[in-house]
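Analysis of the macromolecular model
The primary structure of each chain is shown beneath.
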Amino acid sequence: MEAGNLSKFLKNGAIWGFIVIELIFFSVAGEFMSLSDKAFMDVDNMLLLLKQSAPIGIIAMGMTIIMVNGNIDLSVGAIFALSAVILLDSLTWTVFAGLGDWVIPVSWALALLTGVGLGAINGFIVWKTGVDAFIVTLGSMLGFRGLVFMYNGETPTSSLNWTLVDFAEAQFLGLHTATWFLAIVTLVMWYLMTRTVHGRNAYAIGDNRDAAVNAGIKVGPHMLINFMIIGFLAALSAVVFYSESGSVNPNDGQLYELWVITAVVLGGTKLTGGAGSIVSTLGGVLAIQLLRKGLGHIGADTSTVNLVIGLILIAVLFLDRQLNTKGKEELKL
Amino acid sequence: MESMSKAGIGRFLARQGILIAFAVFIIGFTLANGRFLSPENVMGVVRSSAILGVMALGVTFVVISGNLDLSVGSMMSFSTIVVLDLHDKIGPVLAIPAMFVMTLCLGAFIGFLVGYLKLNSLIVTLGMLSAIHGLTLTYSGGQNMDIADKEGTWFSVFGQGSALGIPVPILIFLLLAALLGIVLAKTPFGRKVYAVGGNGTAATFSGIKRARIVFLCYVMSSFCVAVAGLIQASRSLGSQNTVGQGLELDVLAAVILGGASLLGGSGTIFKTVIGVLILGFIQNGLLLVGLQFYVQFVVTWAIIILAVWLDIAAKRGKLLSTIA
């Protein structure tokens, strides 16, 4: 194998290799350090892992297209929270009292619309003002969170609808509802990015925006659509998660952007844009969730998880740069 | 004036837009509530902005050098917790330098990663935000940290004391601002910071050691964070592990409001101080006219975007972007 191919192989396969190493490590370490008798690679445990990957995973699929496009979205956590508030609150609105359980699809639609709307605000500002997406979404991370607090103060918004909970807790062919949503989103986004003109243009814009403009690609509308996609997915993630839990704190979703970006970067998507894949992002999502769960399994607490995730993110960045020549062109913010 | 064409006026308005808007805000708030410009209120605003301001001074260096620092909030939590913990263990005289050394080590680590290893500063500091938060929790075991003898310690002087009728936090903020302002504007080091941020390649070719400059900027930033942590700890004499959470955004907002470009190469300490005060006065004004505390998040959002928009609109000479 040539050196070039080897590094390419290492790059593309690295995340899956990392997952295998994690599985082996936590299985072995769990034998000695875990308080529970269950093996780490227990079927139920793995199914739960997939389910728990869903909230971050669904958003990460949107972040992949955003980052491939050459942008970033730091406001996903706030969009997640606001959509959740709309979902749970609208379930109890008196206007919908006559609908019975038909209120569920209405509330879902409202929550998803909220996400799309907030994403459109971000995208529109980025497009029309030309302000960097980093600053725009940094601002809206603050602004959208403010809207969440203005909605209900610091009290949690709660409402339990048992039909909804049953749906969210259901298992179809062994997989939980949330897992199915993650799978469908992954599939759709994979199709969008690899098989459609929009996906191809996203790569082109991220790789070289001037060239894309010269090729007649409408950069602005593409960016707007991508921000709407990630808004939709952040809302979908909230909808799936809160259908089950039924209560949202105004601070929920904080630091989600960190987890999501970590997953996407772990999956090998370039910050400079133009490179990245949905399948690798899925790998990144699973790797992170394995790490969280595995560290919990061997008795480490949240503080260790935070520490390890942060350091791994930096290590991956370092390794990626060593393996990748394009990484030498630093992102200039 | 002949030289002042119509476009020139537009550019002037856009350039000073944030100051003009600020003036309008001040007048509006003063009309709405007479207490807004009273000496007590002004002093209160500056005082409560001091911690944020001190951190913003350091981040200004980082931003001018063309990088970002999102880790200052969780680093501030770290230094606050550490100094409070050590206060009772080894006494304040040793606790303060020990905390400074630890915080500077964190800054040096980030500086090493971004400067010498040339890693992307956004991701590095995002990772460090999480890692330092974990470090703080590990250090404290998740417990709140409190000084046992709150009445009898002189440690409270940094946050609660006052000299010549001016609260100490304000004095520290202004002194540090003056000092760092001189460093940035008048020393070779300061000029190199601008050079590295303005055009890193050109700076390297003119013999400037880019890596070292970036490294020093992060050390500088962590020093400011340590000072902020000291003020915070001394003010409250007790703290949660999350005391600095989210501050990185306010800090960045203040620096951007001051007109420093995230592309690097522009910005001054003086402008950052203005940015800090604008943020402080607007948040205070919103509260004084009786709006909910959370409204300030939304207003800050609008202000940040407007400020940056006006800035780049002035540079490109058109209000709307040229993105197709």
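Residues numbered from 1 in each chain as written. Chains lettered and ligands numbered in written order. Predicted model: local features only at pLDDT ≥ 70, side-chain atom pairs only at ≥ 80, totals over all residues.

Across its full length, chain A carries 13 helices and four strands. Here the C-alpha radius of gyration of chain A, 20 Å, is about what a compact globule of 333 residues would show, namely 20 Å. Overall size of chain A, expressed as C-alpha extent along the three principal axes, is 65 × 60 × 35 Å. Here the contacts in chain A between residues at least 6 apart in sequence split such that 81% fall between residues at least 24 apart. (Helix = DSSP H or I, 4+ residues; strand = E, 2+ residues; numbered from the N terminus. Rg over C-alpha atoms; globule rule 2.2 N^0.38 Å. Contact = placed C-beta atoms within 7 Å.)

Turning our eyes to something else, we now look at the overall build of chain B. Helix and strand counts for chain B come out as 14 helices and four strands. Against the compact-globule benchmark of 20 Å for 324 residues, chain B has a radius of gyration of 20 Å, which places it among compact chains. With the C-alpha coordinates aligned to their principal axes, the bounding extent of chain B is approximately 70 × 55 × 40 Å. A buried classification covers 52% of the 324 residues belonging to chain B. Long-range contacts, defined as pairs at least 24 residues apart, comprise 78% of the intrachain contacts of chain B with a sequence gap of at least 6. (Buried ≥ 20, exposed ≤ 12 C-beta atoms within 10 Å, placed from the backbone.)

Taken together, the 43 residues of chain B in the interface contact 44 residues of chain A. Secondary structure elements with two or more residues in the side of chain B that touches chain A: helix H6 (121-140), helix H12 (247-257) and helix H14 (295-316) of chain B. Of all the elements, H6 of chain B adds the most residues to the side of chain B that touches chain A, at 14 residues. Taken together, the residues of the side of chain B that touches chain A sort by class into 31 nonpolar, eleven polar and one charged. (Nonpolar A, V, L, I, M, F, W, Y, C, P; charged D, E, K, R; others polar.)

Looking now at the UniProt feature "transmembrane region" (unreviewed entry) in chain A. Residue and element names in this part refer to chain A. Residues annotated in UniProt with the feature "transmembrane region" (unreviewed entry) correspond here to residues 12-29, 49-68, 75-96, 102-126, 133-152, 172-193, 224-243 and 298-319. Strand forms 0% of residues 102-126 and helix 96%; the C-alpha atoms that close the span are 37 Å apart. Between the C-alpha atoms that bound residues 224-243 there is a distance of 28 Å. The span itself is 100% helix and 0% strand. (UniProt positions renumbered as here; feature names shortened; annotations may be inferred.)

Residue and element names in this part refer to chain A. Residue Leu 173 is not a glycine yet carries a positive backbone phi of 55°. Mapped onto the elements, Leu 173 comes out in the loop between strand S2 (171-172) and strand S3 (175-176). Residue classification places Leu 173 among the exposed residues on the basis of 6 C-beta atoms within 10 Å.

All names here are of chain B. In a regular helix each residue adds 1.5 Å, so 27 residues correspond to 39 Å; helix H11 (residues 210-236) covers 39 Å between its end C-alpha atoms and thus fits that length. Taken across its 27 residues, H11 has 24 buried, putting it largely inside the fold. Directly after H11, the chain includes Leu 237, whose backbone phi takes a positive value near 55°. (Expected span 1.5 Å × (residues − 1).)

Val 260 of chain A together with Val 54, Met 55 and Ile 256 of chain B are the most contacted members of the largest nonpolar core, which totals 206 residues. The residues contacting Ile 256 of chain B, other than those within four sequence positions of it, are Ile 135 of chain A together with Leu 262, Ile 304, Ala 307 and Val 308 of chain B. (Core = buried A, V, L, I, M, F, W, Y, C linked by C-beta atoms within 7 Å.)

The next thing to look at is the packing of helix H8 (residues 168-186) of chain B against helix H13 (residues 269-288) of chain B. Residue and element names in this part refer to chain B. Running from amino to carboxyl end, H8 crosses H13 at an angle of 145°, the nearest separation of the two axes being 9 Å. Here Ala 177, Leu 180, Gly 181 and Leu 184 of H8 come into contact with H13, specifically with Ile 269, Phe 270 and Val 273. Looking at the contact of H8 with H13 residue by residue, the classes come out as six nonpolar, one polar and no charged. (Axes fitted to C-alpha atoms, helices over the stretch in contact; angles between N-to-C directions.)

What follows concerns the UniProt feature "transmembrane region" (unreviewed entry) in chain B. Residue and element names in this part refer to chain B. Under the UniProt annotation, the feature "transmembrane region" (unreviewed entry) is placed at residues 12-32, 44-63, 93-115, 122-142, 162-185, 213-231, 251-279 and 286-310. Taken end to end, residues 122-142 comprises 90% helix and 0% strand; its first and last C-alpha atoms sit 27 Å apart. As annotated, residues 162-185 comprises 75% helix and 17% strand, and the C-alpha atoms at either end are separated by 29 Å.

With that out of the way, let us pick up helix H11 (residues 256-266) of chain A. Residue and element names in this part refer to chain A. Most of H11 sits inside the fold, with eleven of its eleven residues counted as buried. Every buried residue belonging to H11 is among Tyr 256, Glu 257, Leu 258, Trp 259, Val 260, Ile 261, Thr 262, Ala 263, Val 264, Val 265 and Leu 266, and all of these are buried. Positive phi appears at Gly 268, one or two residues downstream of H11, with a value of about 95°.

As a further point, take the confidence of the model for chain B. Detailed reading of predicted coordinates is not advised where the pLDDT is low. This prediction gives chain B a mean pLDDT of 86; 94% of its residues lie at or above 70. Note on the complex model: pTM 0.86, ipTM 0.81. (pLDDT = per-residue confidence, 0-100.)

Counting all residues, the mean pLDDT for chain A is 85, and 92% of those residues have values of 70 or more. Across residues 326-333 of chain A the pLDDT falls below 50, and counting only partners more than four positions away or on other chains, this stretch makes 17 contacts in the model.

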